[in-house]
Amino acid sequence: MTDVGCGYATLVLEDGTCFTGRSCGADGEVVGELCFNTSMIAYTEVISNPAYAGSILVMTYPQMGNHGVVRADLERDNVELEALVLSSICDTPSSFRMDLSLREFLAEKNVVALEGIDTRELVRHICMEGSMPAIISTLDHDAKSLLAKMRDTLESIEDTPVARVSTEATWTYDAAKCLVTPTAWTAPFPEPCCSIVAIDNGLTRSVLRHLAYAGCATTVVPWDATVEEIWACEPDGVFVSGGPGDPQKAQDTVDALGGLLGELPILGLGSGQLLLALAAGGVVDKMQVGHNGDNIPVMDLVTHQVSITAQNHRHTVRFETLGSLIAEESGGIAAHPLEGDLRFWAQEGCAPVVRNERFGRIQLTHVNVNDGTAEGLRFLDIPALSLQYHPALMPGAQSPDAAYAAFIQLMEAHAEEVDALSEKAKAHAEGTGAAHA
């Protein structure tokens, strides 16, 4: 390919497909998994979300950067994605809250970025061929050379990106101090009603704030924290965050959850659902393109309501691998649908229940309206639940807050049960002592 000169960037996919556009970020050469996000707004939150660590992210909306970047809206100070691909970037942003332009932000964070290509064509290609590795460079514009570099890099690429984005040490979240800039949509934080541990597989600021608004005092632990380390924090419950990469690589988290399920109330969001499913013996598959955007419809099988949700994941749990159907709790149906499309249950008006060998009954509570994948699970015999999407606090797409309220209810009910058992044991001990006397 002819050298196109300074100011250009070239994107080469694993299958050899090549796109050349203008550089709109830092100079460099990076390799990552190509994926796309369909969000029309909240690009600041998307770009700074650690769930995109290791990814080359394509934004499908025609123009990004219209309102610049507001530092208070960042989900993390560091940008973990490998590179950004846009149709066009706005160089005349306007917002009373703006701190700097998107172009300036990308340069500041040393993010390689490309604009000026037909992102519609690129996204159609991904949808047809599936998500795949790619390389983007502002230094080399020869497709064959870049393809060879990408293949060499893939051999040594980070297998567990969650380790890169997780905290290295345990710390306590102070909601009042961590609220960067009070704004019109923020309210005073309530007094905490419970203490939780949050396993950091890629925690975002908005999720931590939402937990604080729900009444949780949060201690954050690394992704590989042991059961003993989590118990040492004396939590009332455990929150499992979403994060990047293949959840099957986060085996330390899966092992910890296997020892905590049934012992403490647990809420998993995003890939937290996949980690809970793996701990219960389920199978997780990689999707062809995944769910990335803030306009993804999900049906609640219990209430039959549909919500428009924000998601960023490329794996899904196969519900049928969690156990065999309980016909009397699944509308009389005793066999899983052969095609595996869970919209079958929406048509039946039923939230099916399986019997898991280790943890008892598990109910499918939510399904994706577009492709029929599992979006929510609830353990009926132990205090645990999960959603594949993210309740949002920042401006933009809003998802239901019911998950946080249900988590609080689980912890309150669990505490009452523990107190009742403690009182019963105390009364038994006193009765035994009196009899011996």
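Summary of the structure given here. (Residues numbered from 1 in each chain as written. Predicted model: local features only at pLDDT ≥ 70, side-chain atom pairs only at ≥ 80, totals over all residues. Heavy atoms only, no water.)

1. So, the overall build of the chain
Defined as follows: In DSSP terms, a helix is any run of H or I states spanning at least four residues, a strand is any run of E spanning at least two, and both are numbered starting from the N terminus. Any pair of residues with heavy atoms lying within 4.5 Å of one another is described as a contacting pair. Surface exposure here means Shrake-Rupley accessible area, sampled with a 1.4 Å probe, where a residue is shielded only by the protein chains that are shown.
On a plain count of helices and strands, the chain comes out with twelve helices and 19 strands. Excluding contacts between residues fewer than 6 apart, the proportion of contacts in the chain whose partners are at least 24 apart in sequence is 73%. A total of about 18700 Å² of accessible surface is found on the chain, and carbon and sulfur atoms cover 51% of it.

2. Quick look at the pairing of strand β11 (residues 237-240)
Operational definition: Relative accessibility decides the category of a residue: with a 1.4 Å probe and only protein chains considered, values under 20% of the type maximum give buried, values over 50% give exposed, and everything between is partly exposed. Here, any two strands with at least 2 DSSP bridges between them count as paired. Crossovers are marked right-handed if the path from the first strand over the helix to the second runs clockwise, as seen with the strands pointing away from the viewer.
Every second residue of β11 is oriented toward a common face, with G237 and F239 on one face and V238 and V240 on the other, all of them buried. In terms of strand pairing, strand β9 (residues 194-200) meets β11 through four bridges, oriented parallel. Of the residues in β11, the one forming a bridge with V197 is V238. The parallel pair β11 and strand β12 (residues 266-269), bridged by helix α9 (residues 251-260), forms a crossover whose chirality is right-handed.

3. Observations concerning a nonpolar patch on the surface
What counts, and what does not: Patch building starts from residues that exceed 30% relative accessible area and form no salt bridge, then joins like charges within 9 Å and nonpolar side chains (Val, Leu, Ile, Met, Phe, Trp, Tyr) within 5 Å. Between Lys or Arg on one side and Asp or Glu on the other, a salt bridge is scored when a side-chain nitrogen of the former is within 4 Å of a carboxyl oxygen of the latter.
Taken together, the side chains of M40, I41 and Y61 define a hydrophobic patch exposed on the protein surface, amounting to about 290 Å² of accessible area. Relative to the assigned elements, I41 resides in the loop between β3 (29-37) and α1 (43-47).

4. Considering the environment of V112
Looking at where V112 falls in the secondary structure, it is placed in strand β6 (residues 112-115). Setting aside its immediate chain neighbours within four residues, V112 contacts A26, D27, G28, E29, V30, E82, A83, L84, I136 and T138.

5. Topic: the sheet that holds strand β2 (residues 18-23)
Short version of the rule: For helices, the axis comes from a line fit to the C-alpha atoms of the stretch in contact; other axes are also lines fit to C-alpha atoms, and the angle between any two N-to-C directions lies between 0 and 180 degrees.
Sheet architecture is closed into a barrel: seven strands sit in the order β1-β2-β6-β5-β4-β3-β7, paired in mixed fashion. Along the sheet, successive strands turn relative to each other by an average axial angle of 35 degrees, direction set aside. Bridge analysis of strand β5 (residues 83-85) against β6 gives three bridges, and the strand direction is parallel. What sits directly across from V85, in β6, is L114. Across the sheet, helix α3 (residues 119-129) lies against β1 (8-13), β2, β3, β4 (55-59) and β5, angled at about 85 degrees from β3, the strand it touches most.

6. Here we look at a negative patch on the surface
Formally: Positive charges come from Lys and Arg alone, negative charges from Asp and Glu alone, with His and the N- and C-terminal ends not counted. Charge positions come from single atoms, namely NZ of Lys, CZ of Arg, CG of Asp or CD of Glu.
A contiguous patch of negative charge, built from D224, E228, E229, D252 and D255, is present on the exposed surface. Mapped by element, the contributors of at least two residues to the negative patch are α8 (227-231) and α9. Residue position: D224 is located in the loop between β10 (216-222) and α8.

7. With respect to α3
Test applied: In this description, one arc is meant: the one made by directions from the helix axis to the C-beta atoms. Pairs of N or O atoms within 3.5 Å make up the polar contacts considered here, provided that, within protein, one atom can donate a hydrogen while the other can accept it, and that residues adjacent in sequence are counted only when both atoms are side-chain atoms.
Within α3 the residues assigned to the buried category are T119, L122, V123, H125 and I126. Mapping the buried residues of α3 onto a view down its axis gives an arc of 155 degrees, with all of them on the same face. In α3, the exposed positions that point more than 90 degrees away from the buried face belong to R120, R124 and M128. Where α3 begins, the capping side chain belongs to D118, and its oxygen is found 3.0 Å from the backbone nitrogen of R120. Count one or two residues on from α3 and you reach G130, which has phi positive near 95 degrees.

8. Topic: the packing of aromatic side chains
What counts is decided by this rule: A pair of aromatic rings is counted whenever rings of Phe, Tyr or Trp (Trp by its six-membered ring) have centres within 6.5 Å, and the orientation is called stacked for planes under 30 degrees apart, edge-to-face for over 60 and tilted otherwise.
One pass over the full model with this rule turns up four aromatic pairs. With a centroid separation of 4.4 Å and an interplanar angle of 25 degrees, the aromatic rings of F189 and Y213 are classed as stacked. On the criterion of sequence distance, the pair formed by F189 in the loop between α6 (175-178) and β9 and Y213 in helix α7 (residues 205-214) is long-range, its members being 24 residues apart. When the centroid spacing of 6.4 Å and the interplanar angle of 75 degrees are considered together, the rings of F359 and F379 count as edge-to-face. Of this pair, F359 sits in the loop between β16 (353-356) and β17 (360-368) while F379 is found in strand β18 (residues 374-379), placing the two residues 20 residues apart along the sequence. Comparing F359 with F379, the two get one shared label, buried.

9. Focus: the nonpolar core
Counted only if it meets this: Side-chain atoms within 4.5 Å are what join buried Ala, Val, Leu, Ile, Met, Phe, Trp, Tyr and Cys residues into a set we call a nonpolar core.
In terms of nonpolar packing, the biggest core is built from 47 residues, with I230, I266 and L364 touching the most fellow members. Taken together, the elements giving at least two residues each to this core come down to β9, α8, β11, α9, α10 (271-279), β13 (283-300), β17 and β18. Setting aside its immediate chain neighbours within four residues, I266 contacts V238, V240, L257, L260, L261, L276, P383, A384, L385 and F407. Grouped together as the second largest cluster of nonpolar side chains are 26 residues, L208, L267, L387 and F407 included.

Any functional reading would require information beyond the geometric quantities listed.
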